[in-house]
Amino acid sequence: MEPVTVARTLTALRRTLLGLVGLQLGVAVALSLVDSYRRRGKKPKPFPVTRPDTVPVGDGEITTYTFGRDLYDDMLAAIDGAKKQILFETYIWKGDEIGWKFKTALTAAAARGVDVHCIYDGFANMVVSPAFKRFSPSLKVLRYPVWTAGLRVWDLRRYGRNHRKILVVDEEVAFLGGYNIGSAYATEWRDTHVRITGPGVWDMKRAFADFWNLNRHHRLRRNERPLLIETASDWDPQIRVHKNVPRQWNFPIRSMYLEAINRASRNIWLTTAYFLPDQDFVDALAEAARRGVDVRILLPLKSNHIVADWISRGYYGQLLRSGARILRFRDAMVHAKTATIDGSWATVGTANIDRLSLQGNYEINLEVIDPAFAAVMEEVFRTDESNCLELTLDEWEARDLNRKFTETFLAPLRPLL
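Residues numbered from 1 in each chain as written. Predicted model: local features only at pLDDT ≥ 70, side-chain atom pairs only at ≥ 80, totals over all residues. Heavy atoms only, no water.

S.K.: I would appreciate a short explanation of the overall build of the protein chain in the present structure.
M.R.: Along the protein chain, the regular secondary structure elements total 13 helices and 20 strands. Burial statistics for the protein chain: of 417 residues in total, 54% are counted as buried. Residue pairs in contact within the protein chain that sit at least 24 positions apart in sequence constitute 78% of those at least 6 positions apart. Of the accessible surface of the protein chain, which amounts to about 19500 Å², a share of 55% is contributed by carbon and sulfur atoms. (Helix = DSSP H or I, 4+ residues; strand = E, 2+ residues; numbered from the N terminus. Buried < 20%, exposed > 50% of the residue type's maximum accessible area, 1.4 Å probe, protein only. Contact = heavy atoms within 4.5 Å. Areas by Shrake-Rupley, 256 points an atom, 1.4 Å probe, with all protein chains shown as cover.)

S.K.: Help me understand the nonpolar core, please; the structure alone is not making it clear to me.
M.R.: Nonpolar side chains in soluble globular proteins tend to be buried together. In terms of nonpolar packing, the biggest core is built from 41 residues, with Tyr72, Ile86, Phe88, Trp93, Phe102, Leu106 and Val116 touching the most fellow members. Only α2 (68-80), β3 (85-90), α3 (97-111), β4 (115-121), β6 (166-169), β7 (173-177) and α4 (183-187) provide two or more residues apiece to this core. Both domains that furnish three or more residues to this core are identified here as domain 1 (53-237) and domain 2 (247-416). When sequence neighbours within four positions are dropped, the list of residues in contact with Leu106 reads Ile79, Ile86, Phe88, Trp93, Val116, Cys118 and Leu139. If you look at the next biggest cluster of nonpolar residues, it comprises 36 residues, including Met256, Ile311, Ala351 and Ile353. (Core = buried A, V, L, I, M, F, W, Y, C linked by side-chain atoms within 4.5 Å. Domains from an automatic or database assignment.)

S.K.: Which parts of the structure should I look at to understand the side chain of Asn215?
M.R.: Within the secondary structure, Asn215 sits in helix α5 (residues 200-215). Here the side chain of Asn215 touches Phe211 through a polar contact of 3.0 Å, landing on its backbone oxygen. With residues near it in sequence (within four places) discarded, Asn215 still touches Leu142, Tyr144, Arg247 and Tyr362. (Polar contact = N/O pair within 3.5 Å; in protein donor to acceptor, adjacent residues only side chain to side chain.)

S.K.: How should the pairing of strand β17 (residues 345-349) be read in this particular structure?
M.R.: Put simply, side chains in a regular strand alternate between the two faces of the sheet. Counting buried positions along β17 gives 5 out of 5 residues, so the element sits mostly inside the fold. Of the two faces of β17, the one lined by Trp345, Thr347 and Gly349 and the one lined by Ala346 and Val348 are each fully buried. Summarising the sheet, strand β16 (residues 338-341) and β17 pair through 4 bridges and their orientation is antiparallel. Residue pairing across strands places Ile341 opposite Trp345, the latter belonging to β17. (Pairing = 2+ DSSP bridges.)

S.K.: I keep staring at a nonpolar patch on the surface and nothing clicks. Help me out?
M.R.: Taken together, Trp147, Val153, Trp154, Leu156, Tyr159 and Trp249 make up a surface patch of nonpolar side chains, about 750 Å² in accessible area. Within the secondary structure layout, Trp147 lies in the loop between β5 (140-144) and β6. Classification of Trp147 as partly exposed rests on a relative accessible area of 48%. (Patch = residues over 30% accessible without salt bridge, like charges linked within 9 Å, V, L, I, M, F, W, Y side chains within 5 Å. Salt bridge = Lys/Arg side-chain N within 4 Å of Asp/Glu carboxyl O.)

S.K.: Hey, could you run me through empty space enclosed by the protein in this one?
M.R.: Going through the model one piece at a time under the given rule, you end up with 2 cavities of 30 Å³ or more. If you add up the space inside the largest cavity, you get close to 70 Å³. Arg190, Thr192, Trp269, Thr271, Ala336, Thr338, Ala339, Thr340, Met377, Val380, Phe381 and Asp384 are the residues that line the largest cavity. Of all the secondary-structure elements, those providing two or more residues to the lining of the largest cavity are β11 (267-271), β16 and α11 (371-385). (1 Å grid on protein atoms, 1.4 Å probe; cavity = no way out; pocket = protein on both sides within 12 Å on 5 of 7 lines; lining within 4 Å. Points joined across faces, edges and corners; volume = space filled by probe spheres on them.)

S.K.: Would you explain the UniProt feature "domain: PLD phosphodiesterase" (unreviewed entry) in the protein chain in this entry?
M.R.: As annotated by UniProt and renumbered to match this structure, "domain: PLD phosphodiesterase" (unreviewed entry) occupies residues 158-185 and 330-357. Helix makes up 11% of residues 158-185 and strand makes up 32%, while its end C-alpha atoms are separated by 29 Å. (UniProt positions renumbered as here; feature names shortened; annotations may be inferred.)

S.K.: Can you walk me through the environment of Asn361 in this structure?
M.R.: Position of Asn361 relative to the elements: it lies in the loop between α10 (355-359) and β19 (363-369). Between the C-alpha atoms of Asn361 and Arg161, which are 200 residues apart in sequence, the distance is 4.9 Å. A polar contact of 2.9 Å, which involves the side chain of Asn361, links it to the backbone nitrogen of Arg161.

S.K.: In this structure, what is going on with the sheet that holds strand β14 (residues 325-329)? I would like to understand it.
M.R.: In a beta sheet, neighbouring strands pair by backbone hydrogen bonds and run either parallel or antiparallel. The mixed open sheet is built from 8 strands, whose spatial order is β10-β19-β17-β16-β11-β13-β14-β20. Here the strands that pair on one side only, and so sit at the sheet edges, are β10 (239-244) and β20 (388-391). Across this sheet, the average inter-strand angle for adjacent strands is 15 degrees, counted without regard to direction. Across 6 bridges, β10 lies against β19 in antiparallel orientation. Within β19, the residue paired with Arg240 across the bridge is Glu367. Each of β10 and β19 touches α5; the most contacted strand, β10, lies at about 10 degrees to it. (Axes fitted to C-alpha atoms, helices over the stretch in contact; angles between N-to-C directions.)

S.K.: Help me out: how do you make sense of α11 in this one?
M.R.: Think of an α-helix as 3.6 residues a turn; residues three or four steps apart then line up on the same face. A rise of 1.5 Å per residue sets the reference length of α11, with its 15 residues, at 21 Å; its end C-alpha atoms lie 20 Å apart and thus fit the reference within 8%. Where α11 begins, the capping side chain belongs to Asp370, and its oxygen is found 3.1 Å from the backbone nitrogen of Ala372. (Expected span 1.5 Å × (residues − 1).)

S.K.: Explanation requested: the pattern of salt bridges in the structure shown.
M.R.: Once the charged atoms of two side chains with opposite charge are near each other, the side chains can pair. Taken as a whole, this structure holds 20 salt bridges when the rule is applied. The partner of Arg254 in a salt bridge is Asp280, with the nearest N and O atoms 3.7 Å apart. Taken together, the residues Arg254 in helix α6 (residues 252-263) and Asp280 in helix α7 (residues 279-290) connect sequence positions 26 residues apart. Classification of Asp280 as partly exposed rests on a relative accessible area of 49%. Put simply, Arg325 and Glu390 hold a salt bridge, and the shortest N to O gap is 2.9 Å. Of the two residues, Arg325 is situated in strand β14 and Glu390 in strand β20; the sequence distance between them amounts to 65 residues. Residues joined by salt bridges that share partners form a network here, namely Asp294, Arg296, Arg325, Glu385 and Glu390.

Set out below in structure tokens:
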């Protein structure tokens, strides 16, 4: 073949591929716009929740929250009672009524002499009013920037968002889970958070300090000293904190899940807001179902990201044929990131089952090996299940041709989510 012909062929191929990718992105944008229009003026309906439940674990306690208002009341009470230090970190911090309550409480704590550190993600809060994001000098605030790579555009380790949600008060109490800060999350979203006491609080303090010190150069005060945390000598073998750190190319949360799934012998009950796993993760769940494990995956019927919904459906056939069950939460957005296995193992945290959470973002999950806590998580799952529609294999295989085509057409976008 002549060199000119080869060059023309390659050019045509590149244009075709770019056109196809552009069309896929165009379809994704169109779906999002249509879905946003349809949601206007619609409010989520009430959904069943469990009351905060506290169980002893090791040398401390864990309280589980499934309703935002209950959680926010206890978080604000902890801030108001702080005597020495507050470490507050969130992905989204809305400038609404709830957001102002937290800002006011943190500012008041700093005014009475409490050492207050705050972290929030710049990209996630781009639509928040700039006025809300002006803080008192008494607060030490780290805005994780929208663009984090600087001039190192080729360095994939620098593109992770800070998706963590943490509150640590003194050495007494820590909060962790899926809840962002905002009024809608207080009553309209179904999420899960935990409050812990005991030795695990020190692990949460170290997790906050590690992120702060790794990224403190983003603060305006370039000469600020690192955040130093005294290390406690106590260890709690029933609780572990797992941190994804993209800068260090360290993603233990995925490994934590896979190890637990592969060891399961009775049940795997998993709840996630967005289900876009890699193939190894799908294979692990399917293999567990084939060996007789009761595998249930609880997802939103309609999430706040319709494109993620369409893409995630590409995994349903394989899972349903293996015997796994897919449960779709009705009437409200379920945003929890939890799982419980075999009546003894459980996790609550910030990581969704998608590429961005498991292999991209800064995330943090609590792993607990304790039958009492696992029983609480099973109760929460059953409560959520009572508000779900189950997707059967027959229903899935009977879906129309348009749905099958859209799912297949958008499948190449999976690595981006």
